[in-house]
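Notes for the structure review
Residue strings, one per chain:
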Amino acid sequence: MVDGHDSADMADVRLQAIKGCVMGVSDSIVEVVCVNCGQVNRVPTDRPANKATCGRCGAILFGREPVQIDDAGLTKQIERSDFPLVIDFWAEWCGPCRAMAPAYAQAAVRLATKAHFLKVEVDSNPMWAGKLGVRGIPALFVIHRGKVVAQRSGALDSSSIEKWVRSSLDVS
Ligand SMILES: [Zn+2]
């Protein structure tokens, strides 16, 4: 699914890549919320994206896999992150959700420096799904700086997810 070429490329990707879509705290600093511990990290944009780690727990800030997050964690991401969020609302019993999971993971790899790919299991975490008016799952949202930039429901393949996220965030 992930070829070697992709991982090698990652080393050269710098946070400047995301400057186009984040009007950060300043031109040279963006705030990124650690998906592991919730710490808000101020990250210089000239640092290689793959080297950025959380100041509290040491987790990699720009992970390449979708991260399961709960309602509380999502609140913090939505309130504090300068970095765009892609959220997949899903449930264990939902066949299309499970079917889409590999495609979503693949899109997360390709867009690792553009957005955080998160997953919220709606049975244990109904709050944000309710607030955002999710009626059917899988439901995908792009949220940036507290605002819903785009939303859609129904399973997609990975290139459709990627294309949709890129156009939502206006990144090439
Ligand atoms: Zn952390």
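Residues numbered from 1 in each chain as written. Predicted model: local features only at pLDDT ≥ 70, side-chain atom pairs only at ≥ 80, totals over all residues.

A count of helical and extended segments in the protein gives six helices and seven strands. From first element to last, N terminus to C terminus, the protein shows the α and β order α-α-β-β-β-α-β-α-β-α-β-β-α. By residue count, 35% of the 172 residues in the protein fall in the buried class. Counting contacts in the protein only where the partners sit at least 6 residues apart, residues at least 24 apart contribute 66% of the total. (Helix = DSSP H or I, 4+ residues; strand = E, 2+ residues; numbered from the N terminus. Buried ≥ 20, exposed ≤ 12 C-beta atoms within 10 Å, placed from the backbone. Contact = placed C-beta atoms within 7 Å.)

Summarising the model, the protein shows a mean pLDDT of 85, and 84% of its residues fall at 70 or more. Predicted confidence in the protein is weakest over helix H1 (residues 4-10), with a mean pLDDT of 39, and strongest over strand E4 (residues 85-90), with 98. Between residues 1-25, whose pLDDT stays under 50, and residues either more than four places distant or in other chains, the model counts 43 contacts. (pLDDT = per-residue confidence, 0-100.)

A word on the pairing of strand E2 (residues 40-44). Pairing of strand E1 (residues 29-33) with E2 involves five bridges; the strand directions are antiparallel. Among the inter-strand pairings, Val30 is bridged to a residue of E2, identified as Val43. Linking two consecutive strands that pair antiparallel, namely E1 and E2, is a turn of six residues; a positive phi of about 85° is found at Gly38 within it. (Pairing = 2+ DSSP bridges.)

Glancing now at unusual backbone geometry. The omega torsion across Ile137 and Pro138 is 0°, close enough to zero to call that bond cis. For Pro138, the location among the structural elements is in the loop between helix H5 (126-131) and strand E6 (139-144). In this structure, Arg145 is a non-glycine residue whose phi angle is positive, near 50°.

Another point: the environment of Gln68. Within the fold, Gln68 resides in strand E3 (residues 67-68). Considering only alpha carbons, one finds Gln68 and Leu118, 50 residues apart in sequence, at a separation of 5.9 Å. For Gln68, the residues in contact, after removing those within four places along its chain, are Lys119 and Glu121.

A few words on the pairing of strand E5 (residues 116-121). For E5, the buried fraction is high: five of the six residues fall into the buried class. In the sheet, E3 pairs with E5 via two bridges, with the strands oriented parallel. Bridge pairing links Val67 to Leu118 in E5. Strand direction decides the pairing type here: E4 and E5, joined by six bridges, are parallel. Each bridged residue has a counterpart across the sheet, and for Ile87 the counterpart in E5 is Leu118. Traced from E4 through helix H4 (residues 95-110) to E5, the parallel crossover comes out right-handed. (Right-handed = clockwise from strand over helix to strand, strands pointing away.)

With that out of the way, let us pick up the sheet that holds E4. As summarised here, the arrangement of the five strands in space is E3-E5-E4-E6-E7, forming an open sheet in which the pairing is mixed. In this open sheet, the two strands that pair with only one neighbour each are E3 and strand E7 (147-153).

For the rest of this paragraph, the subject is the nonpolar core. If you look at the biggest cluster of nonpolar residues, it comprises 44 residues, and the most contacted ones within it are Val86, Ile87, Phe89, Ala115, Leu118, Val120 and Val165. Not counting residues up to four positions away in its chain, the partners in contact with Val165 are Val86, Ala107, Leu111, Ala115 and Val142. (Core = buried A, V, L, I, M, F, W, Y, C linked by C-beta atoms within 7 Å.)

Once that is clear, we can look at H4. The terminal C-alpha atoms of H4, which comprises 16 residues, lie 24 Å apart, in line with the 22 Å expected from a rise of 1.5 Å per residue. Along H4, the residues classified as buried are Cys97, Met100, Tyr104, Ala107 and Ala108. In this fold, the buried residues of H4 make contact with E4, E5 and helix H6 (158-169). (Expected span 1.5 Å × (residues − 1).)

On to the environment of Trp93. On the secondary structure map, Trp93 appears in the loop between E4 and H4. Exposure remark for Trp93: the 9 C-beta atoms within 10 Å place this residue in the exposed category. With 30 residues separating them in the primary sequence, Trp93 and Asp123 have C-alpha atoms 9.7 Å apart.

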